[in-house]
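# Commentary on secondary and tertiary structure
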Amino acid sequence: MELTDALRTTGAVRAFADEPVADATLHAILDTARFAPSGGNRQPWRVAIVRELDTRREMASLMRTVWEEYVGANATGVTAFAFGRSIDAPPIAAPNPLLDAIDTIPVVLAVAADLRSIAMMDGNLDRPPVTGGASIYPFCWSILLAAREHGLGGVLTTFLSRAEPAIAPRLALPADHALVATIFLGRPVHQNTKLRREPVNSFATIDRFDGDSFDA
Ligand SMILES: Cc1cc2nc3c(=O)[nH]c(=O)nc-3n(C[C@H](O)[C@H](O)[C@H](O)COP(=O)(O)O)c2cc1C
């Protein structure tokens, strides 16, 4: 695929054809994604390719609990789990076809990051650090872009991260590692290519964040 096309049209895919992904294809995807950048080039990623049904089901069950908590919090009109906001809304039971299909999703990847290899540049500030994520999420995004080249699609999810302590033993998550994402891949039933994103002048300004909006 042409790069700009891939960047502009790689929407989330949550429904997959009943068609396996060959190990060689998944290997090729990871082999491309490993060229992602990371702070100090420390490449902190670890990937577990989750095939065991019992593990998948435990993951889905934990994700469903978080999903319902998320839907409940979102129903209040605030961004669920946003920093500085406590959630006192009750969970709301809501369908999640992605999780219902956990047994048959062609590829389920648990992605972890070795925290000992990540320089948390903003770790000294009086707010949650975010720069550390920049050493791992480009890798995750590269998996999704590389999958596209093979006619595959998928979605990066973080709901399992909220339940990291509960799933850590089952995945043998190493000490000092964070579970940063669960990525689902397969042949899309439908690849959404018309993505809803805000225009450049809504987020880019000159000189300062309160400067004139940037237009060309
Ligand atoms: C950091 C991050 C976390 C996400 N977590 C979840 C998640 O827990 N569950 C889920 O279904 N999708 C998750 N997504 C997918 C987003 O919902 C999706 O990228 C966004 O809605 C844009 O969708 P689109 O590309 O189809 O327009 C996540 C995406 C990112 C980048």
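## Overview of the site of the ligand
- Near the ligand you find Gly11, Ala12, Arg14, Val155, Leu156, Thr157, Thr158, Phe159, Asn192, Leu195 and Arg197, and these make up its full shell.
- For the ligand, an oxygen atom lies 3.1 Å from a polar atom in the backbone of Thr158.
- A distance of 3.1 Å is found between an oxygen atom of the ligand and a backbone nitrogen or oxygen belonging to Phe159.
- Within the complex, 59% of the 630 Å² of free accessible area of the ligand lies under protein.
- Across the shell around the ligand, the residue classes tally to five nonpolar, four polar and two charged.

## Quick word on the pattern of salt bridges
- Across all of its chains, the model carries ten salt bridges by this definition.
- Taking the shortest distance from any N to any O, the salt bridge between Asp31 and Arg34 comes out at 2.5 Å.
- The class of Asp31 is partly exposed, set by a relative accessible area of 33%.
- In this structure, Arg127 and Asp122 form a salt bridge, with 2.9 Å as the shortest nitrogen-oxygen distance.
- Relative accessible area serves as the criterion here: at 36%, Arg127 is assigned to the partly exposed category.

## Side note on the environment of Arg64
- Relative to the elements of secondary structure, Arg64 occurs in helix H3 (residues 53–74).
- Sequence spacing of Arg64 and Val78 is 14 residues, and the spatial spacing of their C-alpha atoms is 20 Å.
- What Arg64 contacts, discounting residues up to four positions off in sequence, is Asn96, Leu99 and Asp100.

## Considerations on the packing of aromatic side chains
- All chains considered together, the criterion is met by three aromatic pairs.
- Look at Trp45 and Phe139: their rings are 4.5 Å apart centre to centre, the planes differ by 5°, and that puts the pair in the stacked class. Of this pair, Trp45 sits in strand S1 (residues 45–49) while Phe139 sits in helix H5 (residues 137–149), and the two are 94 residues apart along the sequence. Of the two residues, Trp45 and Phe139, neither departs from the other in class, the shared state being buried.
- Both rings, one in Tyr70 and one in Phe81, keep their centres 5.9 Å apart while their planes meet at 55°; by these two values the pair is tilted. With Tyr70 in helix H3 and Phe81 in the loop between H3 and helix H4 (97–100), this residue pair connects regions lying eleven residues apart in the sequence.
- Exposure remark for Tyr70: the relative accessible area of 34% places this residue in the partly exposed category.
- Through a chain of ring-to-ring contacts, three or more aromatic side chains come together here, namely Trp67, Tyr70 and Phe81.
- The ring of Phe81 is capped by Arg162, whose NZ or CZ atom sits 3.7 Å from the centre of that ring.

What counts, and at which threshold
Residues numbered from 1 in each chain as written. Predicted model: local features only at pLDDT ≥ 70, side-chain atom pairs only at ≥ 80, totals over all residues. Heavy atoms only, no water. Near = heavy atom within 4 Å. Polar contact = N/O pair within 3.5 Å; in protein donor to acceptor, adjacent residues only side chain to side chain. Areas by Shrake-Rupley, 256 points an atom, 1.4 Å probe, with all protein chains shown as cover. Nonpolar A, V, L, I, M, F, W, Y, C, P; charged D, E, K, R; others polar. Salt bridge = Lys/Arg side-chain N within 4 Å of Asp/Glu carboxyl O. Buried < 20%, exposed > 50% of the residue type's maximum accessible area, 1.4 Å probe, protein only. Helix = DSSP H or I, 4+ residues; strand = E, 2+ residues; numbered from the N terminus. Contact = heavy atoms within 4.5 Å. Phe/Tyr/Trp six-rings, centres within 6.5 Å; stacked < 30°, edge-to-face > 60°. Lys NZ or Arg CZ within 6 Å of the ring centre and 35° of its normal.

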